[in-house]
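Below, each chain spelled out in residue letters.
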Amino acid sequence: MGNGIAHVFAQHDHQVSLIDKDEKALEKGLATIAKNLDRQIEKGIIQAETKDSTLANITPYSDMEKGVKNVAIVVEAATENTELKLEIFRQLDQFSPKEAILATNTSSISITKIAAATSRPDKVIGMHFMNPVPVMQLVEVIKGYKTSEETTHQVMSVAKALEKAPVAVNDYPGFVANRILMPMINEAIYALYEGVSGVQEIDTVMKLGMAHPMGPLQLADFIGLDVCHAILDVLYQGLGNPKYAPCPLLVNMVEAGNKGVKSGEGFYIYSQGSKELVVSERFQKQP
């Protein structure tokens, strides 16, 4: 998500600091941006010179203090771990200009809680991009309890300038997108877990019957099963409703390290360079 957000800002002529404490992650991020720009050129979306200007707009930093020294807006895109995000925002508050807006790409964690870790809660906001960022138009703009109207207006304007479609949302567990999406994914996993049908069959029903471009189990793999688990936990703890409790099958898969695309296996097996969907051996027989 971080490299996708950097890609979009840089492509729209913003000077971007791409920050990660891991130098290899920075190299991988820049390589991914270059690859995605090549894909846009092949599809006729951009001209070849746009790739050069976009990459020239991005400066990698492994030192957060240097990276945020002169920024106007920060968009944090670390993993869905509350304590990690709180620590990052404490540092961002310390190192970035006092007038800078601090946004988080969290898909479920409370903006109000994150804002409370800073001395500028009025300037903290959610800016939840959809994946893949260069392709998807929606941005959920989530207002924390103390987020100012000025900050909200500025971020809505920024999103529109990036040619995105921002939607204002209030700060409740899961916001809108994941409060609706994650229970659907969880129910699809339950349908597999309880032997209602197989992986491909469940995905086919939703693709052909409901006109979804991707089945819920494939989508879960794409999002990351660990991320799905984390979001469901936030919903369950925040709303106290057992309907949000992660399916035991999802819990076991995450604990076993089968996290979907990122680990090479989830409900499907992912081989480098292959676009064919192959169901994991564990699920190849009808449940």
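This structure is a prediction, so every number in the text was calculated from the model and none was measured.

Requested: an account of the layout of surface pockets, with residues and values cited.
There is about 320 Å³ of room inside the second largest pocket. In this structure, the second largest pocket is lined by 15 residues; those nearest its centre are Thr82, Ile109, Asp233, Val234 and Gln237. Residue composition of the lining of the second largest pocket, by class: five nonpolar, six polar and four charged. Taken domain by domain, the lining of the second largest pocket gets at least three of its residues from each of domain 1 (1-170) and domain 2 (176-283).

Please provide a residue-by-residue account of the state of the cysteines, values included.
Applying the stated rule across the entire model yields zero disulfides. Looking at Cys228, it has no disulfide partner, and the nearest cysteine sulfur is the one in Cys247, 12 Å off. With a relative accessible area of 0%, Cys228 lands in the buried category. Take Cys247: its relative accessible area is 0%, and that puts it in the buried class.

Any chance you could break down the UniProt feature "domain: 3-hydroxyacyl-CoA dehydrogenase NAD binding" (unreviewed entry) in the protein chain for me, citing the residues and the numbers?
The UniProt feature table records "domain: 3-hydroxyacyl-CoA dehydrogenase NAD binding" (unreviewed entry) at residues 1-171. Helix makes up 44% of residues 1-171 and strand 20%, with an end-to-end C-alpha separation of 21 Å.

I'd like a rundown of the UniProt feature "site: Important for catalytic activity" (unreviewed entry) in the protein chain, residues and numbers included.
Taking the numbering used here, the UniProt-annotated feature "site: Important for catalytic activity" (unreviewed entry) corresponds to His128. With respect to the helices, strands and loops of the structure, His128 is situated in strand β5 (residues 124-129). Those residues in contact with His128 that lie beyond four places of it in its chain are Thr104, Asn105, Thr106, Ser107, Leu138, Val139, Glu140, Ile142 and Asn178. Polar contacts involving the side chain of His128 include one to the side chain of Glu140, which spans 2.8 Å.

Which residues make up helix α2 (residues 23-42), and what are the values?
Compared with the 28 Å implied by 1.5 Å per residue over 20 residues, the 29 Å span of α2 between its first and last C-alpha is a close match. Taken together, the buried positions of α2 are Leu26, Gly29, Ile33, Ala34, Asn36, Leu37 and Gln40. Each buried residue of α2 lies within a common arc of 165° when the element is viewed along its axis, so the set occupies one face. Along α2, the residues that are exposed and aim more than 90 degrees away from the buried face are Lys24, Glu27, Lys28, Lys35 and Glu42.

Outline the side chain of Lys51, supporting the account with residue identities and numerical values.
Mapping Lys51 onto the fold places it in helix α3 (residues 48-56). Contact partners of Lys51, with chain neighbours within four places excluded, come to Ala34, Leu37, Asp38, Ile41 and Ile46.

I'd love a proper account of the side chain of Arg120, names of residues and values included.
Relative to the elements of secondary structure, Arg120 occurs in the loop between α6 (111-115) and β5. Assessed through its relative accessible area of 4%, Arg120 is described here as buried. When near neighbours in sequence (up to four residues on either side) are disregarded, Arg120 contacts Leu92, Asp93, Ser96, Pro97, Lys98, Ala100 and Leu102.

Please provide a residue-by-residue account of helix α11 (residues 225-239), values included.
Relative to the 21 Å expected for 15 residues at 1.5 Å per residue, α11 spans 21 Å between its end C-alpha atoms, a close match to the ideal helical length. Every buried residue of α11 is accounted for by Leu225, Val227, Cys228, His229, Ile231, Leu232 and Leu235. In the stretch just after α11, Gly240 is the one whose phi turns positive, near 65°.

Now, about the sheet that holds strand β4 (residues 101-104): what can you tell me, with residues and values included?
Spatial strand order, β3-β4-β5-β6-β7: five strands in an open sheet with mixed pairing. Either end of the sheet is taken by a strand with one partner, and the two such strands are β3 (73-76) and β7 (165-170). Each neighbouring strand pair of the sheet contributes to a mean axis angle of 30°, computed without reference to strand direction. In the sheet, β5 pairs with strand β6 (residues 138-143) via five bridges, with the strands oriented antiparallel.

Lay out the packing of α2 against α3 in plain terms, naming residues and giving numbers.
The contact between α2 and α3 brings their axes to 9 Å, and the two run at 160°. Relative to α3, α2 is oriented roughly antiparallel. You can see that α2 and α3 cross each other, and the crossing is right-handed. Contacts between α2 and α3 involve Leu30, Ile33, Ala34, Leu37, Asp38 and Ile41 on the former and, on the latter, Ala48, Lys51, Thr54 and Leu55. Considering only residue class, the contact of α2 with α3 consists of seven nonpolar, one polar and two charged.

Conventions adopted
Residues numbered from 1 in each chain as written. Predicted model: local features only at pLDDT ≥ 70, side-chain atom pairs only at ≥ 80, totals over all residues. Heavy atoms only, no water. 1 Å grid on protein atoms, 1.4 Å probe; cavity = no way out; pocket = protein on both sides within 12 Å on 5 of 7 lines; lining within 4 Å. Points joined across faces, edges and corners; volume = space filled by probe spheres on them. Nonpolar A, V, L, I, M, F, W, Y, C, P; charged D, E, K, R; others polar. Domains from an automatic or database assignment. Disulfide = S-S within 2.5 Å. Buried < 20%, exposed > 50% of the residue type's maximum accessible area, 1.4 Å probe, protein only. UniProt positions renumbered as here; feature names shortened; annotations may be inferred. Helix = DSSP H or I, 4+ residues; strand = E, 2+ residues; numbered from the N terminus. Contact = heavy atoms within 4.5 Å. Polar contact = N/O pair within 3.5 Å; in protein donor to acceptor, adjacent residues only side chain to side chain. Expected span 1.5 Å × (residues − 1). Arc of directions from axis to C-beta. Pairing = 2+ DSSP bridges. Axes fitted to C-alpha atoms, helices over the stretch in contact; angles between N-to-C directions. Parallel < 35°, antiparallel > 145°, perpendicular 65-115°, else oblique. Left-handed = near helix turned anticlockwise from the far one by under 90°.

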